[in-house]
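# Structure assessment
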Amino acid sequence: MSYRRDFTIGLRETQDFYLTLAMGRWWKGIFGFGVVGALAGLLYTSQTALPLPFRAAVSVLTALVGAVISALVVAVSTRRKVKEQVSRSGRASYVQETEINGFGVHVSVGKDQAKMGFEDLVRVRETKKAFYLFISESQAWILPKKQMEDPQAECAQLRGLFRKVIERRRLALKG
């Protein structure tokens, strides 16, 4: 029960991580903008002679437009902010040496080293692009799937490992 790989964490991986966080925080707001869009469509068509199915379709369409526009604003804003922060830090990318074994997660970045037992991880979340091992609510070690030698096999190995050592309520895995 051991996994080891070096990952290069750059702007794209950092942006994807913070976008995941932002969408998690903003999903209610995005839904709310969708509801506002639906109400606007309903109000604009309520005093017309248009048939009910057409008015309903307009409401659904304006709900989707409201939700999509608000999601795009969150995405573009988040990506821009992360890009500015990365350029200000002067550290465009770094190599994250990651080892996961029976004792927990061991990560080295340059001369900095960190160890964390599985019980201390806040949660583990898998997206289509990466695994995020949260060390706090807003910080995580990133394991990008594109950088895995055999993504399908390695993802299955990681899922199996995490399911054995982390309770289900702290896991959000895809497979």
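Residues numbered from 1 in each chain as written. Predicted model: local features only at pLDDT ≥ 70, side-chain atom pairs only at ≥ 80, totals over all residues. Heavy atoms only, no water.

## Considering helix α2 (residues 52–89)
With 38 residues, α2 extends 55 Å from end C-alpha to end C-alpha; this agrees with the ideal 56 Å at 1.5 Å per step. Inspection of α2 places Ser59, Ala63, Gly66, Ser70, Val74, Ala75, Thr78, Val82 and Val86 among the buried residues, and these make up the whole buried set. Contacts made by the buried residues of α2 are with α1 (11–46). Within two residues after α2, Gly90 carries a phi angle of roughly 75°, on the positive side. (Helix = DSSP H or I, 4+ residues; strand = E, 2+ residues; numbered from the N terminus. Expected span 1.5 Å × (residues − 1). Buried < 20%, exposed > 50% of the residue type's maximum accessible area, 1.4 Å probe, protein only. Contact = heavy atoms within 4.5 Å.)

## Some words on the nonpolar core
Formed by 29 residues in total, the largest nonpolar core has its most connected members in Ile100, Leu121, Leu133 and Phe162. Of all the secondary structure elements, the ones that give two or more residues to this core are β1 (3–9), α1, β3 (104–109), β6 (130–134), β7 (140–144) and α3 (151–165). Sorting elements by how many residues they give to this core places β6 first, with 5 residues. Leu121 has contacts with Val105, Met116, Leu133, Phe134, Ile135, Trp141, Ile166 and Arg170, leaving out every residue within four places of it along the chain. (Core = buried A, V, L, I, M, F, W, Y, C linked by side-chain atoms within 4.5 Å.)

## Observations regarding the pattern of salt bridges
The final tally for this structure, using the stated rule, is 11 salt bridges. Its salt-bridge partner being Arg5, residue Glu154 comes within 2.8 Å of it at the nearest N-O pair. Residue Glu154 is found in helix α3, and its partner Arg5 is found in strand β1; the two are separated by 149 residues along the sequence. For Arg123, the salt bridge is made with Glu137, and the minimal N-O distance between the two is 3.0 Å. One end of the pair, Arg123, is in strand β5 (residues 123–126); the other, Glu137, is in the loop between β6 and β7, and 14 residues separate them in sequence. A relative accessible area of 25% places Arg123 in the partly exposed class. Look at Glu137 and you get exposed, because its relative accessible area is 53%. (Salt bridge = Lys/Arg side-chain N within 4 Å of Asp/Glu carboxyl O.)

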